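Structural overview
Here's the letter readout for the chains.
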Amino acid sequence: MPTWPHGAVSDAASDVTFTLAEADLRDVLLGLVSPDEPARREGVRVTGSIGALTTLLSHLSDPDDDFAIVTP
């Protein structure tokens, strides 16, 4: 199994692998852009089905702003 920069691992069983800038990742995770938008940008590499990321993101819920991380 080949190892990529920053400790990432390429696995033949992966549904999708993205190589992109942190800013592009943040845009997707924050919902500022659709998962397929960064894939069209120069310098972004996608191997596999972008639909796999869409499926993963569909399982996430909106954060609860009132969640008490630290309670008195």
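A few points on the structure. Owing to the predicted nature of the structure, the values given are computational and were not obtained by experimental measurement. (Residues numbered from 1 in each chain as written. Predicted model: local features only at pLDDT ≥ 70, side-chain atom pairs only at ≥ 80, totals over all residues. Heavy atoms only, no water.)

**A look at a nonpolar patch on the surface**
Worth spelling out the cut-off: Exposure above 30% relative accessible area and the lack of any salt bridge qualify a residue for a patch; like charges then connect within 9 Å, and the nonpolar side chains Val, Leu, Ile, Met, Phe, Trp and Tyr within 5 Å. Each accessible area is a Shrake-Rupley result for a 1.4 Å probe, and residues are judged covered by the shown protein chains and nothing else. Take a side-chain nitrogen of Lys or Arg and a carboxyl oxygen of Asp or Glu: if they are within 4 Å of each other, that pair is a salt bridge. Elements are defined by DSSP. Helices are runs of H or I of four residues or more, strands are runs of E of two residues or more, and each kind is numbered from the N terminus.
Among the surface-exposed residues, F67, I69 and V70 lie close enough to one another that they form a single nonpolar patch of about 410 Å² accessible area. Tracing the sequence through the fold places F67 in the segment after α2 (50–58).

**Let's talk about the pattern of salt bridges**
Note the following rule: For every residue, the accessible area obtained with a 1.4 Å probe (protein chains only) is divided by the maximum for its type, and the residue is called buried under 20%, exposed over 50%, and partly exposed between those limits.
Across all of its chains, the model carries five salt bridges by this definition. A salt bridge links D27 to R41; its shortest N-O distance comes to 3.9 Å. Taken together, the residues span a long stretch of sequence, with D27 in helix α1 (residues 22–29) and R41 in the loop between α1 and β2 (45–48) at a distance of 14 residues. The class for D27 is partly exposed, based on a relative accessible area of 22%. According to the relative accessible area criterion, R41 is partly exposed, its value standing at 26%. A salt bridge links R40 to D36; its shortest N-O distance comes to 3.4 Å. Residue classification places R40 among the exposed residues on the basis of a relative accessible area of 61%. According to the relative accessible area criterion, D36 is partly exposed, its value standing at 33%. Several salt bridges converge on common partners, so that one network encompasses D24, D27, E37 and R41.

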